[in-house]
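Chain residues, written in single-letter form:
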Amino acid sequence: QSVQIKNALISVYYKDNLEPIIHELNRLGVNIYSTGGTETFIRNLGVNVIPVEDLTSYPSILGGRVKTLHPKVFGGILARRSFGGDKQQLEQYEIPEIDLVIVDLYPFEETVQSGAGAEDVIEKIDIGGISLIRAAAKNFKDVVIVASKDDYAGLENILKTQDGATTIDQRRSFAQKAFNISSNYDTHIFNYFNEAEPLPVFKQSIQTSQVLRYGENPHQKGTFYGNLDAMFNKLNGKELSYNNLVDVDAAVAIIDEFTEPTIAILKHTNACGVASRSFIKEAWIDALACDPVSAFGGVIIANAEIDAETATEIDKIFYEVLIAPAFTDEAVQILSGKKNRILLVRQPVELPVKHFKTLLNGVIEQDKDAVIEGPAQMTTVTEKAPTEAELKDLFFANKIVKHTKSNTIVFAKNNQLMASGVGQTSRVDALKQAIIKAQSFGFDLNGAVMASDAFFPFPDCAELAAEAGITAILQPGGSINDKLSVAMCNEKGLAMVTTGVRHFKH
Ligand code: 93A
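Residues numbered from 1 in each chain as written. Predicted model: local features only at pLDDT ≥ 70, side-chain atom pairs only at ≥ 80, totals over all residues. Heavy atoms only, no water.

Undergrad: In this structure, what is going on with the site of the ligand? I would like to understand it.
TA: By nearness alone, 22 residues border the ligand, and Lys 15, Thr 35, Thr 38, Asp 104 and Asp 126 come closest of all. A distance of 2.6 Å is found between an oxygen atom of the ligand and a side-chain nitrogen or oxygen belonging to Lys 15. Interatomic distance of 2.4 Å between a side-chain N/O atom of Thr 38 and an oxygen atom of the ligand. Contact with the protein chains covers 94% of the free accessible surface of the ligand, which is 540 Å². (Near = heavy atom within 4 Å. Polar contact = N/O pair within 3.5 Å; in protein donor to acceptor, adjacent residues only side chain to side chain. Areas by Shrake-Rupley, 256 points an atom, 1.4 Å probe, with all protein chains shown as cover.)

Undergrad: What am I meant to see in helix H1 (residues 19–27) here?
TA: Count 3.6 residues to each turn of an α-helix, and residues three or four apart come out pointing the same way. Listing the buried residues of H1 in full gives Ile 21, Ile 22, Glu 24 and Leu 25. With its buried residues spanning 165° around the axis, H1 presents them on a single face. Looking at the packing, one finds that the buried side of H1 touches strand S2 (7–12), strand S3 (31–34), helix H2 (36–44), strand S5 (100–104) and helix H9 (152–162). Gly 29, located one to two residues past H1, shows a positive phi value of around 70°. (Buried < 20%, exposed > 50% of the residue type's maximum accessible area, 1.4 Å probe, protein only. Helix = DSSP H or I, 4+ residues; strand = E, 2+ residues; numbered from the N terminus. Arc of directions from axis to C-beta. Contact = heavy atoms within 4.5 Å.)

Undergrad: Can you walk me through the sheet that holds S2 in this structure?
TA: Each strand in a sheet pairs with another by means of backbone hydrogen bonds, the pair being arranged parallel or else antiparallel. One open sheet holds the 5 strands; their spatial order is S4-S3-S2-S5-S6, and the pairing between them is parallel. Of all the strands in the sheet, the pair left with one neighbour each is strand S4 (50–51) and strand S6 (144–146). Here S5 runs beside S6; their pairing, made up of 3 bridges, is parallel. What sits directly across from Leu 100, in S6, is Val 144. In this fold H2 packs onto S2, S3 and S4, with an angle of close to 140° to the strand it touches most, S3. (Pairing = 2+ DSSP bridges. Axes fitted to C-alpha atoms, helices over the stretch in contact; angles between N-to-C directions.)

Undergrad: Would you explain the environment of Tyr 14 in this entry?
TA: Relative to the helices and strands, Tyr 14 resides in the loop between S2 and H1. In the structure, Tyr 14 is positioned 135 residues away from Lys 149 in sequence and 8.7 Å away in space, judged by C-alpha atoms. Beyond its immediate stretch of four places on either side in the chain, Tyr 14 contacts Asp 104, Pro 107, Glu 110, Lys 149 and Tyr 152. Here Glu 110 takes part through its side chain, which lies 2.5 Å from a polar atom of the side chain of Tyr 14.

Undergrad: Please explain the pairing of strand S17 (residues 362–367) as it appears in this structure.
TA: In summary, the side chains of a regular strand alternate between the two faces of the sheet. In terms of residue burial, S17 counts as a barely covered element, since only 0 of its 6 residues are buried. Bridging between strand S16 (residues 354–359) and S17 involves 6 bridges; their strand directions are antiparallel. Bridge pairing in S17 places Phe 356 opposite Glu 365. Counting the residues in the hairpin turn of S16 and S17 gives 2 residues, including Leu 360, whose phi is positive at 45°.

Undergrad: Help me understand the packing of helix H18 (residues 427–440) against helix H19 (residues 460–468) in this model?
TA: Helix packing for two helices is described by the angle between their axes and how far apart those axes are. Packing of H18 against H19 leaves a shortest axis separation of 10 Å and a crossing angle of 10°. For the element pair H18 / H19, the angle class is roughly parallel. Across the interface between the two elements, Arg 427, Val 428, Leu 431, Lys 432 and Ile 435 from H18 touch Asp 460, Cys 461, Leu 464, Ala 465 and Ala 468 from H19. Looking at side-chain class alone, the contact of H18 with H19 contains 7 nonpolar, no polar and 3 charged residues. (Parallel < 35°, antiparallel > 145°, perpendicular 65-115°, else oblique. Nonpolar A, V, L, I, M, F, W, Y, C, P; charged D, E, K, R; others polar.)

Undergrad: Even after reading the chapter, I still don't get the environment of Pro 352, so can you show me in this structure?
TA: Tracing the chain through its elements places Pro 352 in the loop between strand S15 (342–346) and S16. C-alpha of Pro 352 to C-alpha of Lys 368: the two residues are 16 residues apart in sequence and 8.2 Å apart in space.

Undergrad: Explain the side chain of Arg 341 here, please?
TA: Among the secondary structure elements, Arg 341 is positioned in the loop between helix H16 (329–335) and S15. Given a relative accessible area of 9%, Arg 341 falls into the buried group. At a separation of 3.4 Å, a polar atom in the side chain of Arg 341 contacts the main-chain carbonyl oxygen of Asp 315. Apart from residues no more than four positions distant in its own chain, Arg 341 is found in contact with Asn 236, Gly 237, Asp 315, Ile 317, Phe 318, Tyr 319 and Glu 320.

Undergrad: Mind showing me how you'd approach a nonpolar patch on the surface here?
TA: On the surface, a nonpolar cluster with roughly 310 Å² of combined accessible area is contributed by Tyr 58, Ile 61 and Leu 62. Position of Ile 61 among the secondary structure elements: in the loop between helix H3 (52–56) and helix H4 (71–78). Here Ile 61 falls in the partly exposed class, since its relative accessible area comes to 31%. (Patch = residues over 30% accessible without salt bridge, like charges linked within 9 Å, V, L, I, M, F, W, Y side chains within 5 Å. Salt bridge = Lys/Arg side-chain N within 4 Å of Asp/Glu carboxyl O.)

Below is the structure:
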């Protein structure tokens, strides 16, 4: 059941980040009721706001201890919209239905931490705010509760993309977080009174589930179990789909290999563009150059802030998701022009170190592939050693190979992915695919390097690579025919290094 927000009650301690929500509510013609300081803040934004005192016909008393605690407020929040009796009483007592409540509680824990005196601390026990949260969360069937600044972005996105309507799943998810906040808040208060044996406080990283529009294909159902809100702050766009999530996961994994400003573009979990540069805009241009055809509708990830200039460039192509650790305000504005494009600010969240997959009638589990080889693990096995520049590129190519579907071959030059062969049933096919792709996008492979996720069973790959212009090769080694590949490299004047580490990815 979709509920349209018509009346909102806002009472927040910290007013920061509230402004965009106020403007959205104003745009949607929502009546806003508010308490003292919040009301002043809203009025100063030039937006109409109704003092909660006008609703209750009662002033805020006892120095603010009682300001929202009134049947005219709680009646409007708790009334069951589907109950005739409740509806009738709202009319009888002239109580408006409140369908959105935004609260930021008195900062109790922060006040305790600051070393404030007992009187100050007690005054920071929020009574009205916590009651608003509990009431609105209890009535989630009809009411949206936003009980934390962390949820402002999510609310803003809903207001923008759904024009003030919310789904029952969204309201229930807000209610779940609200009860997490109210129970944590009370635990902090209990701990203050019971310093000797404090209770553990479980932060918001609770697992939640999210029903997806569908699975990999429209006829498959899908659900995500986890906490996406903790991982990303969504600034724009529609809901992430199953396939978006799979690609976002792959994007996060590959980008974490790089430290210099880097952009990776992914399609169906494989990178079709990667470049590391001194500036993120150059990284974008060179990542896109790798394969602008595949980049269409892809998932883009950056490891540095996206500025306006870079945003203008990225905005020229159609993409599904763009992820970065930060965006400048101007960049957000540029990139929010298209309603559906998903913009995610990545939060520093630790990821699981185990991977699970259902298989046959069970589940298999393994450690994440957390290993990446540095120069120390590279052993030259040919007469010729790679040059300094080739070594750097081999290192770069190996990071991409690790995150590309097997069998895979990756070509790179000057910290740019030139082409890859992905998910082939033979290594030589992966190599042939990479050569064709590089040529079709006009890359000159002379002096480029090649990395392979696993060893070469025959010397044919080294031979083909040499013919294509490749000058240095990286592979784990370990084939009984290694000698033949090494001999081929020596004959053709190539350098080869082995790492001893295989990076299959299926
Ligand atoms: O002192 S209270 O517990 N009594 C109340 O009736 C009440 N209603 C809202 N504190 C109350 N609030 C809190 O006031 C909210 O949780 C919020 O933190 C704060 C907002 O006050 P203002 O809008 O005046 O800045």
